[in-house]
Amino acid sequence: MSASSTLLATALAVLGLLARPSECAARAFFVFGDSLVDNGNNNYLMTTARADSPPYGIDFPTHRATGRFSNGKNIPDIISEHLGAEATLPYLSPELRGKKLLVGANFASAGVGILNDTGIQFVDILRMSRQLHFFGEYQRRLRALVVRRSLTLITLGGNDFVNNYYLVPFSLRSRQFSLPDYVRYLVSEYRKILIRLYAMGCRRVLVTGTGPLGCAPAILAQRSRGGECAGELMRAASLFNPQLASALVGLNRRFGAGTFIAANAFRVHFDFVSDPGAFGFATAKEACCGQGPHNGLGLCTAASNLCTDRGRYVFWDPYHPTERANRIIVSQFMAGSLEYVSPMNLSTALEIDARLGA
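Cut-offs used in this document
Residues numbered from 1 in each chain as written. Predicted model: local features only at pLDDT ≥ 70, side-chain atom pairs only at ≥ 80, totals over all residues. Heavy atoms only, no water. Helix = DSSP H or I, 4+ residues; strand = E, 2+ residues; numbered from the N terminus. Buried < 20%, exposed > 50% of the residue type's maximum accessible area, 1.4 Å probe, protein only. Contact = heavy atoms within 4.5 Å. Areas by Shrake-Rupley, 256 points an atom, 1.4 Å probe, with all protein chains shown as cover. Axes fitted to C-alpha atoms, helices over the stretch in contact; angles between N-to-C directions. Parallel < 35°, antiparallel > 145°, perpendicular 65-115°, else oblique. Left-handed = near helix turned anticlockwise from the far one by under 90°. Phe/Tyr/Trp six-rings, centres within 6.5 Å; stacked < 30°, edge-to-face > 60°. Lys NZ or Arg CZ within 6 Å of the ring centre and 35° of its normal. Polar contact = N/O pair within 3.5 Å; in protein donor to acceptor, adjacent residues only side chain to side chain. 1 Å grid on protein atoms, 1.4 Å probe; cavity = no way out; pocket = protein on both sides within 12 Å on 5 of 7 lines; lining within 4 Å. Points joined across faces, edges and corners; volume = space filled by probe spheres on them. Nonpolar A, V, L, I, M, F, W, Y, C, P; charged D, E, K, R; others polar.

K.L.:
Let's hear about the overall build of the protein: which residues, and what values?
P.N.:
Counting secondary structure elements, the protein contains 12 helices and 10 strands. Every one of the 358 residues in the protein was classed for burial, and the buried ones make up 55%. Long-range pairs, those at least 24 residues apart, make up 70% of the contacts in the protein between residues at least 6 apart in sequence. As displayed, the protein has an accessible area near 15400 Å², and 57% of this comes from carbon and sulfur atoms.

Okay, here's the thing in C-alpha cells:
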C-alpha cells in the first residue's frame with residue numbers, strides 16, 4: 001500500500017470512529033464535583049486543596065500520590081472498573097488526548113461546592129461554572145461524540161456546609177440564611193446545575209447527596225466532646241438530602257424517568273458509622289492518616305499518624321473514605337435497593353441502556 005493510500009485509510013478510519021458516536025459514547029464517563037471524586041485536577045492549579053504528596057496514594061497501583069483524596073482508588077475509579085473501562089483522566093491532564101478522550105473525562109475539583117463562594121479559602125479551584133465550561137470545551141474537541149449515551153457522576157453539597165456555612169462562627173452565609181432557608185437555596189442552585197448538564201446532553205446522571213457530615217473525624221475533632229456525631233451538621237445533612245432527592249424526582253418527571261439517579265450517600269456512610277464491625281471495619285471515628293483527636297486535625301502528610309491496616313478504617317483522612325470504604329459505597333450504587341439508590345440502581349440502568357442500544 002502506498003503512503004498516500006495509508007494516509008487515506010487512516011483518515012477514513014478516524015472519520016468512521018467519529019461518525020459512530022453511539023459506539024464511542026457508550027463507553028464515556030464524565031465526573032463533576034468535589035474532592036470525593038477529584039482524581040487530580042487540583043494538581044494543575046495553584047491551590048492548597050491538594051492530595052499530590054505521600055502518604056496519599058500509598059495503596060494506589062503505582063503507590064504514588066495522584067491527586068486522589070484516598071489511600072488508593074476513589075469512587076469514579078471503582079465505577080470505571082464496573083463499566084469495564086480504564087479510569088477517566090483529569091480534564092487538566094496533558095495526557096487526556098487521542099483515544100483517551102473517548103473514555104470520558106473527570107472535571108471534579110477538591111474544595112468546590114454548589115455555590116461559587118464555597119471554598120474561597122482554597123483560591124484556585126474549578127468551581128462548577130468552570131467545570132461546565134470545560135465540559136463544553138471537551139465536547140467541542142470531539143464534535144461528533146454524543147454524550148447522551150454516557151454515564152455522568154456528580155457529587156456536591158458537603159463543602160457548602162463544612163467550607164462555607166459552618167466554616168467560621170457567624171459566617172456570611174449563616175448570617176444571610178437560616179439553615180432551612182440555606183438548604184432550600186442550595187437545592188435550587190443544584191437543580192440549575194443539573195438542568196444545565198441535561199441541556200449539555202447528559203441523559204444518565206448519578207447524583208450523590210452528602211454523607212453524615214457530623215460524623216467525619218475532622219468534625220468530631222472540632223465539634224464533639226464524647227465522639228458523638230455533631231448535631232448541627234447532621235441536621236444540615238438531614239434537611240439537604242431529602243430535598244435533593246425530591247428535586248430529582250421532579251426533574252425525572254420533566255426529563256424522563258431515570259435521567260437522574262439519586263444515590264443515598266448518607267445512608268451508606270451511616271451504615272458504617274453505626275456498625276463498622278458489620279463491614280469488617282475496626283473504627284469509623286478515627287481517620288487512618290492525621291493528627292490530634294480522632295486523627296481529625298490538619299492535613300494528611302508524611303508527618304501524620306498513619307495506620308498500618310487501611311482496610312480496617314472507614315476514613316482515610318479527616319474527611320475522605322478509604323479505598324475499601326469506597327468499594328462498598330460503589331457496590332451499593334451498583335446493586336443496592338431503593339433505600340440506597342433510586343429510582344433504580346446503576347446496574348439496572350446500564351442494563352436498560354444496553355438493551356435499548358444506548
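K.L.:
For the packing of helix 3 (residues 75–83) against helix 11 (residues 323–335), give the residues involved together with the corresponding values.
P.N.:
Running from N to C, helix 3 and helix 11 point in directions that differ by 50°, and their axes come no closer than 9 Å. In terms of orientation, helix 3 and helix 11 fall into the oblique class. Between helix 3 and helix 11 lies a crossing whose hand is right-handed. Contact residues: I75, I78, I79, E81 and H82 in helix 3; E323, N326, R327, I329, V330 and M334 in helix 11.

K.L.:
Give me the environment of Q332: which residues, what numbers.
P.N.:
Looking at the secondary structure, you find Q332 in helix 11. Along the primary structure Q332 and A263 are separated by 69 residues, whereas in three dimensions their C-alpha atoms are 8.7 Å apart. Leave out the neighbours within four places in its chain, and Q332 touches V268, Y340 and V341.

K.L.:
Give a description of the packing of aromatic side chains that names residues and reports values.
P.N.:
What the rule picks out here adds up to 20 aromatic pairs. Considering the side-chain rings of Y56 and W316, the 5.9 Å spacing of their centres and the 70° angle between planes classify their relative orientation as edge-to-face. Placement of the pair is Y56 in the loop between strand 1 (29–33) and helix 3 and W316 in the loop between strand 9 (313–315) and helix 11, with a sequence separation of 260 residues. There is no split in this pair, since Y56 and W316 are both buried. Aromatic rings pair up to connect F30, F32, Y91, F107, F134, F135 and Y138 into one cluster. Seen from the ring of Y198, R203 lies directly overhead, with NZ or CZ sitting 3.6 Å from the centre.

K.L.:
Help me get a handle on the side chain of S109, residues and values and all.
P.N.:
Of note, S109 is situated in the loop between strand 2 (104–106) and helix 4 (128–141). Looking at S109, the relative accessible area reads 0%, which means it is buried. Here the side chain of S109 touches L126 through a polar contact of 2.9 Å, landing on its backbone nitrogen.

K.L.:
Which residues make up empty space enclosed by the protein, and what values do they have?
P.N.:
Tallied over the full model, the rule gives two cavities of 30 Å³ or more. Space inside the largest cavity adds up to approximately 50 Å³. Lining the largest cavity, in full, are S35, L36, D38, F69, S70, N74, H320, P321 and N326. Residue classes in the lining of the largest cavity are distributed as three nonpolar, five polar and one charged. Here the second largest cavity is characterised by a volume of approximately 30 Å³. Lining the second largest cavity, in full, are E86, A87, T88, L89, L96, K100, V103 and G104. Of the residues that constitute the lining of the second largest cavity, the class distribution is four nonpolar, two polar and two charged.

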